[in-house]
Amino acid sequence: MKKIVLLSVSIMVLGLLSGCVSTTKLPAGTDILENFEDTHFFIAVGNSWGDGDNSTAALTSDKHATSGSKSLECQFALQENKKGGAFYGEGFEPFNWTGYSNLIVDIFNATGTDLELAIAVCSGTAWEWQESINFPLPSGQNKDITINLKEGNFKSSLTGWENNGILLYMEDVKRLVFKILGPPGVEGSVFIDYIRLAQ
Ligand SMILES: [Ca+2]
């Protein structure tokens, strides 16, 4: 009798656990790159590169999460130099992106001003900086922003900084950068969450 009770309790616990897991349902062929629930390696460029970057801080936040309960709050103060604010992560898995066609991310723009977003991928032994075209980032929640990784519209030193290159060395991705652009004088935050790679 005790065994039956124990078995019933075990099944109930398993059922509850599987119920929890199933709340985040990923489509087939999609993997989470980062969702900021645990330790992560995303930071603001700030003054660290001495290039006039407009980012000021990157903090784990409990606001505007779209997967789990935490997001990355990216703080910036946009300047006349139009450098934008850059926030980047390194050391994540997977680092081999050759099987993926799209990067998908949710970003809440809390500034009240329509902004723009670009990403950069640094890859290969030279950490080649390859930057996308700019995408609109309207005020408010922007779910499932989808950036095609196979289109040949990335700029780098290899393209003379024209947006006409394909992403190279994708078997060895070192760093992912989110760059926030917009009118000078805009100060505030965007919240990034649920960064995914899709086949
Ligand atoms: Ca999250």
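Small disclaimer: the values here were computed from a predicted structure and weren't measured.

> So what exactly am I meant to see when it comes to the overall build of the protein here?
Scanning the protein from terminus to terminus reveals one helix and 12 strands. For the protein, the N- to C-terminal ordering of α and β elements is α-β-β-β-β-β-β-β-β-β-β-β-β. The buried share of the protein, reckoned over its 199 residues, is 32%. Once local pairs closer than 6 in sequence are excluded, the contacts in the protein between residues at least 24 apart make up 71%.

> Explain the pairing of strand β7 (residues 115-123) here, please?
Regular strands have side chains that alternate between both faces of the sheet. Of all nine residues that make up β7, seven are buried, and the element is covered over most of its length. Inspection of the sheet shows β7 paired to strand β9 (residues 135-137) by three bridges, in the antiparallel sense. Following the sheet pairing, Glu116 is matched in β9 by Pro136. Pairing geometry for β7 and strand β11 (residues 173-181), over eight bridges, is antiparallel. Following the sheet pairing, Glu116 is matched in β11 by Leu181. Linkage of β7 to strand β8 (residues 128-131), two consecutive antiparallel strands, is achieved through a turn of four residues, within which Gly124 is found at a positive phi near 80°.

Rules used throughout
- Residues numbered from 1 in each chain as written.
- Predicted model: local features only at pLDDT ≥ 70, side-chain atom pairs only at ≥ 80, totals over all residues.
- Helix = DSSP H or I, 4+ residues; strand = E, 2+ residues; numbered from the N terminus.
- Buried ≥ 20, exposed ≤ 12 C-beta atoms within 10 Å, placed from the backbone.
- Contact = placed C-beta atoms within 7 Å.
- Pairing = 2+ DSSP bridges.

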